[in-house]
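# Examining the three-dimensional arrangement
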Amino acid sequence: MLKDVTLGQYYQADSPIHKLDPRVKLVGTLLYMISLFIFNNIYCYAIAAVFLITVIILTKVPVWYMLKGLKAVLFIMLFTVVFNIFFTPGEYIFEFGIFHISREGIKGAVFMIIRLTLLIVSASIMTLTTTPNRLTDGIEKLFRPLKLIKVPVHEMAMMMSIALRFIPILMEEADKIMKAQTARGAKFDSKKFMDRVKSLIPLIVPLFISAFRRASDLALAMEARCYHGGEGRTKMKPLKYKAGDIVSYVILALYIAAMVAVGILSARLAFFQFLSK
Amino acid sequence: MPIITDHLTYVYGSKTTLQKTALNDVSVKIDDGQFIGLIGHTGSGKTTFLQLLAGLIKPASGTVYLDGEDIYAKDFDKRTLRSKLGIVFQYPEHQLFEETVFKDVCFGPKNLGVDDKETELRAYEALKMIGLEDEVFYQSPFDLSGGQKRRVAIAGVLAMKPKILILDEPTAGLDPAGRNDILGLILKLQKEQGMTIILVSHSMEDVAEYADRVLVMDKGSIVFDNTPREVFKHHEELKELGLSVPQVSVAMSKLREKGLPVKTDAITVEEAVKEIIRVLR
Amino acid sequence: MRFIKAEKVTFEYIRRDEDGNVEGINRAVDSVSLDVKEGDFISILGANGSGKSTFAKHLNSILLPTEGTVWVDGMDTKDEEKILDIRMATGMVFQNPDNQIIGQVVEEDVAFGPENMGVPTQEIIERVEESLKTVGMLDYRKDSPNKLSGGQKQRVSIAGVLAMHPKCIVLDEPTAMLDPVGRKEVIRALRALNDVEKITIILITHYMEETIYSDKIFVMNKGKIAMEGTPREIFSRVEELEEYKLEVPQITKLAYELKKQGLRLPDCVLTVKELADALSR
């Protein structure tokens, strides 16, 4: 169960997208997501989808692997679809008691699915093609200006990187403890909510203790290796923009330009359609 | 209460990702009161085998019979299994969670549905058995020393009064004295209470000293199943599996090579001493 | 040349009850004095709780003595301005392989130390490559540490320390959580470092067989140094060692028992070959 989470896992491959500077991918993903929210008409989504599919092909990550990430959020997607279909007022095409489905509802649901899929796939492309370390490096460097207003950027990036390293270790540990307590007759699948919460204590307490023990060990090990904050630190792999990164920024700019242009055009079109009615 | 595994197989990974057979068609019978030493290098399938015996994971095919009952049958009550078979995992002290030592040991029997009085009696007995002093009973388990925590965790399993006790490297990380304490306790449980013991160990010396029967695992299969004396004759084969034989065993072979006419089947220090003295006198 | 000098080092910590009142004072290290020469391979043996790990943490300013002084390469460990220099001079490897690897890729972890020291990028790359090569882990440089075996993880940790170009490495029970194969890998790597790179090694362990190649062994008991000498001197005192909850390797034990039976053998036998040679004479 715990092992099925693929969202956020790195997939090793030799692709132009893997080689990009993490900052390009961070900025790209962010702009892409924003563009989906601002320009929400069918023409723009077509452009966004084509753009995303091109990127997917470039990453060399198998499509089924990427779609596995969607499984985790399937429930949320279904929920929004149902919500949209049944609760959007408009021209009803089907009615049964208090349930009614409107044309607008269906349209909204379809849009929602497309948008969510694009959003999630674009976010997972970033994590699938960037090692967590490069990602935190990217975040650290991208947000460096925030240091001026006393945001501890280096510390937060280091924290993220450590958290990411320990997620698989703690998951494995949780699995072990669960098995050990099951062998002592513990039940984790009680029907009653309160029993269920109670039954988690034999799992949560040891897990917390273990996490604290690991944290204090790690702190010692870091100190022994001369860690003393971000001051005066150098990097083995400093981030430097290469030609490919500049090209990507240009492509990104062109994509945004196309979205804006089509967005404005289709808004005008709708306006004229409205006038000519 | 014999355990029989019937063509037991376990496969890791789902259909979409890489599949790996962790246990491959294992059929063995373990009789009452035996002391089994289970050896094999890391990743040979030992832990998977133990978890299958304890009903903690589902086999891909095959099954386990405990007392003639299929433990993976739909109508089998897992509680029966838990009350008959106890398992002590690696670093078992990492499962302690209660406020006091005594409460933690009560956790197992309570889950079995044993009444309060009986639970407390069992917990008391178990703690006595592992040799913990009374004044520690109501302390927090987290204040104890490493060796004490380990023993409390074992008591937590013993309080469930299993007839079969599985231990996965119960002495890992302990010093020699701590190691001997735990092994002595296990031997006592087998000899005095007639418990069946399945002990996973990396120490060939310990296995040679305590086990009546040794199972050697490699790549998910059992490759040797015999008395320690017979198994440890296979120096070369065991070496190829990333395992070794007791040091005295190596010494006896070496002595024979050097022309001393000793028998090479000694596996403990006492046996080796007797044999060398016999030849030299 | 003397590299480490400890003079009457005592370390005490205060035990408190639940309300924070002082319950008592524990003396984990009790007036320990020792000298370590540059280029030596030193082992510190002791049972769990003998104070050996606490003492080790004094060797690079992680803990400071309550009384007494530790000098590392001529620097007093209490001198706050020298802390980074001291930590660069003596690197440290800990017991749990998972809890000391910071990077998510092997080479990134090895780079962590030099990065903290402000080493220029090009030199970090060189140091990482050279260190991974020394411990035989260069082929795994792009891998995730989570995929490695315990022995491999510990070798990565050693490489991480090596990349800081220390004169001395202190290892606090680096093999306690490993299987025999991993244990051998680590010890072999340490011996090579000492032989080839002339790095001073201080190995803390309770596995006797790991210490037979050291130049000198210190045995700790209850915070004090109980024995000190070459492996041969130490291992010939079997009964004394058992008193300190330790145990000699099986082969030494065998020779000791044979000698008790009246056979003429040298005072201390450390390897199978020595025993065979002595007996076949």
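Here is a short report on the structure shown in this document. Model, not experiment: these values are computed from the prediction. (Residues numbered from 1 in each chain as written. Chains lettered and ligands numbered in written order. Predicted model: local features only at pLDDT ≥ 70, side-chain atom pairs only at ≥ 80, totals over all residues. Heavy atoms only, no water.)

It is worth spelling out the side chain of threonine 234 of chain A at this point. Take threonine 234 of chain A: it is sitting in the loop between α10 (201–224) and α11 (243–276). Among the polar contacts made by the side chain of threonine 234 of chain A, one reaches the main-chain carbonyl oxygen of valine 119 of chain C at a distance of 2.5 Å. In contact with threonine 234 of chain A, not counting residues within four places along its chain, are Pro114, Glu115, Gly118, Val119 and Ile124 of chain C. (Helix = DSSP H or I, 4+ residues; strand = E, 2+ residues; numbered from the N terminus. Polar contact = N/O pair within 3.5 Å; in protein donor to acceptor, adjacent residues only side chain to side chain. Contact = heavy atoms within 4.5 Å.)

Right, let's talk about the sheet that holds strand β10 (residues 221–226) of chain B for a bit. Residue and element names in this part refer to chain B. The six strands lie next to each other as β6-β7-β8-β3-β9-β10, forming an open sheet whose pairing is mixed. For this open sheet the edge positions go to β6 (85–88) and β10, each flanked by a neighbour on one side alone. Averaged over all pairs of adjacent strands, the angle between strand axes in this sheet comes to 15 degrees, irrespective of strand direction. The pairing of strand β9 (residues 213–218) with β10 spans five bridges and is antiparallel. Bridging from a neighbouring strand, valine 216 pairs with phenylalanine 224 of β10. Running at roughly 165 degrees to β6, helix α5 (residues 146–158) makes contact with β6 and β7 (164–168) of the sheet. (Pairing = 2+ DSSP bridges. Axes fitted to C-alpha atoms, helices over the stretch in contact; angles between N-to-C directions.)

The subject of this paragraph is the pairing of strand β7 (residues 168–172) of chain C. All names here are of chain C. Most of β7 sits inside the fold, with five of its five residues counted as buried. Residues Cys168, Val170 and Asp172 point to one face of β7 and Ile169 and Leu171 to the other, with burial holding for every one of them. Pairing of strand β6 (residues 90–93) with β7, which is carried by four bridges, proceeds in the parallel orientation. Paired with valine 93 across the two strands is leucine 171, which belongs to β7. In terms of strand pairing, β7 meets strand β8 (residues 200–205) through five bridges, oriented parallel. Following the sheet pairing, isoleucine 169 is matched in β8 by isoleucine 201. (Buried < 20%, exposed > 50% of the residue type's maximum accessible area, 1.4 Å probe, protein only.)

The next point concerns the packing of aromatic side chains. Inspection of the entire model under this criterion finds 16 aromatic pairs over all chains. With 6.3 Å between their ring centres and 50 degrees between their planes, phenylalanine 271 of chain A and phenylalanine 272 of chain A make a pair best called tilted. Exposure remark for phenylalanine 271 of chain A: the relative accessible area of 47% places this residue in the partly exposed category. Every member of this aromatic cluster is reached through a ring pair, and the members are Phe102, Tyr124, Phe137 and Tyr138 of chain B. Above the plane of the ring of phenylalanine 166 of chain A lies arginine 165 of chain A, whose end atom (NZ or CZ) is 5.1 Å from the centre. In this structure, arginine 183 of chain C is placed above the aromatic ring of tyrosine 207 of chain C, and the distance from its NZ or CZ to the ring centre is 4.0 Å. (Phe/Tyr/Trp six-rings, centres within 6.5 Å; stacked < 30°, edge-to-face > 60°. Lys NZ or Arg CZ within 6 Å of the ring centre and 35° of its normal.)

Here the focus is α10 of chain A. Residue and element names in this part refer to chain A. In this model α10 runs 34 Å from its N-terminal to its C-terminal C-alpha over 24 residues, within 8% of the 34 Å that 1.5 Å per residue would give. When we look at burial in α10, the residues that qualify are Pro202, Leu203, Pro206, Leu207, Ser210, Arg214, Leu218, Ala221, Met222 and Ala224. Following α10 by one or two positions, cysteine 226 has its phi on the positive side, about 65 degrees. (Expected span 1.5 Å × (residues − 1).)

Attention now moves to the interface of chain C and chain B. How big an interface is tends to be expressed through the accessible area that disappears when the partners come together. In this complex, chain C contributes 27 residues to the contact, which on the side of chain B involves 30 residues. For the pair chain C and chain B, the two sides together bury roughly 2600 Å², of which 65% comes from carbon and sulfur. When residues of chain C are sorted by the area they lose upon contact with chain B, Gln250, Leu254 and Val272 of chain C head the list and together hold 23% of the total. The interface formed by chain C and chain B contains one salt bridge. Residue aspartate 277 of chain C pairs with lysine 258 of chain B through a salt bridge whose shortest N-O separation is 2.7 Å. Joining chain C to chain B, the criterion identifies eight residue pairs in polar contact (both at pLDDT 80 or more). (Buried area = accessible area lost by both parts, 1.4 Å probe. Salt bridge = Lys/Arg side-chain N within 4 Å of Asp/Glu carboxyl O.)

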